[in-house]
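What follows is the residue order along each chain.
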Amino acid sequence: MRIDILTIFPSYFDVLAVSLLGRARSSGSLQVDVHDLRDWTHDRHRTVDDTPYGGGAGMVMKPEPWGESLDAVAGHAERPTIIFPSPAGEVFTQATARALSDREHLIFGCGRYEGIDERVFDYAAELGDVRLISLGDYVLNGGEVAVMAMVEAIGRLIPGVVGNPESLVEESHEDGLLEYPSYTKPAVWRDRAVPPVPLSGNHGAVDAWRREQQLERTRERRPDLLES
Ligand code: ADE
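Criteria and thresholds
- Residues numbered from 1 in each chain as written.
- Predicted model: local features only at pLDDT ≥ 70, side-chain atom pairs only at ≥ 80, totals over all residues.
- Pairing = 2+ DSSP bridges.
- Helix = DSSP H or I, 4+ residues; strand = E, 2+ residues; numbered from the N terminus.
- Near = placed C-beta within 6 Å.
- Nonpolar A, V, L, I, M, F, W, Y, C, P; charged D, E, K, R; others polar.
- Core = buried A, V, L, I, M, F, W, Y, C linked by C-beta atoms within 7 Å.
- Buried ≥ 20, exposed ≤ 12 C-beta atoms within 10 Å, placed from the backbone.
- Contact = placed C-beta atoms within 7 Å.
- Axes fitted to C-alpha atoms, helices over the stretch in contact; angles between N-to-C directions.

Caption draft 1: Just the pairing of strand β5 (residues 81-91), in detail. Here β5 runs beside strand β6 (residues 105-109); their pairing, made up of three bridges, is parallel. Within β6, the residue paired with Ile 83 across the bridge is Phe 108. Judged from the seven bridges that link them, β5 and strand β7 (residues 129-134) form a sheet pairing that is parallel. By the bridge assignment for β7, Val 91 is matched with Ser 134.

Caption draft 2: Fine view of unusual backbone geometry. Here the amide bond leading from Lys 185 into Pro 186 is cis, since omega sits at 5°, within 30 degrees of zero. Mapped onto the elements, Pro 186 comes out in the loop between α6 (166-169) and β8 (188-189). Phi at Arg 46 is positive, roughly 50°, even though this residue is not glycine. Along the chain, the position of Arg 46 falls in the loop between β2 (31-36) and β3 (49-50). In this structure, Asp 191 takes a positive phi of about 70° despite not being glycine. On the secondary structure map, Asp 191 appears in the loop between β8 and β9 (192-193).

Caption draft 3: Just the site of the ligand, in detail. Every residue close to the ligand is listed here: Pro 85, Ser 86, Pro 87, Ser 134, Leu 135, Gly 136, Tyr 138, Val 139, Leu 140, Gly 143 and Ala 146. Looking at the shell around the ligand, the element that brings in the most residues is β5, giving three residues. Here the shell around the ligand is composed, by residue class, of seven nonpolar, four polar and no charged.

Caption draft 4: Looking closely at the nonpolar core. Counting residues in each nonpolar core, the largest one holds 36 residues, and the members touching the most others are Ile 5, Ile 83, Phe 108, Val 147, Met 150 and Val 151. For this core, the leading source of residues is helix α5 (residues 144-155), giving six residues. With residues near it in sequence (within four places) discarded, Ile 5 still touches Phe 13, Val 32, Val 34, His 35, Phe 108, Cys 110 and Val 147.

Caption draft 5: Quick peek at the sheet that holds strand β1 (residues 2-7). Read from one edge to the other, the open sheet built from five strands follows the order β2-β1-β6-β5-β7, with strand pairing classed as parallel. Looking at the sheet topology across the chains shown, the edges are occupied by β2 and β7. Here the strands of the sheet are splayed against their neighbours by 30° on average, with no regard to which way each runs. Across five bridges, the pairing between β1 and β6 is parallel. Bridge pairing links Ile 3 to Leu 106 in β6. Against the sheet, helix α2 (residues 63-74) makes contact with β1, β2 and β6, and its axis sits at roughly 165° relative to β6, the strand it touches most.

Quick look at the structure:
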């Protein structure tokens, strides 16, 4: 998979060099390129924003650097999926991450200030499949942190990125439920004992107990998941 990230703060993405995703990038299963949006400005101050037509608080990102940068990164073999993180978008879920992990080429456009000139989304739709995606019902200062989260959630689903694919099947949200509790040695720690079933060695009983725990936790913490 190839990922291009357009941002005015490229250094936000320095951490992509470490850990699992860093390894995936060096091994070639994932290619990530981070671009400074200001490289597509042509004035001395490298201006990316301007005042909003109609007035109002804050600044709006100008369309021209976005148009040029999208032209520059979109021109590869496959029609890209172009994602703009936005609190006004559809909510990102594990299902979204799964669907996007199949794509050949993702482009992320990180907005800042009060947002991006609306015409950019319309133009981007000529170059690829546009998605506005929200990390959740709260507001961040810009799209960078949301893109970091999405790239990690998507990247770890690409074959070869996570060492043991079994660990992907058993985690929260893959089957619509929260994950069961995990324990390791010692069997008693600070007067707290591991429950008897996981200690029993009876695989059938352990599976049934884990399923029960998943249901109980989901009912308690995220009843909305059981309704859908
Ligand atoms: N940009 C600002 N807030 C955001 C959010 N909640 N999700 C995605 N992008 C954002």
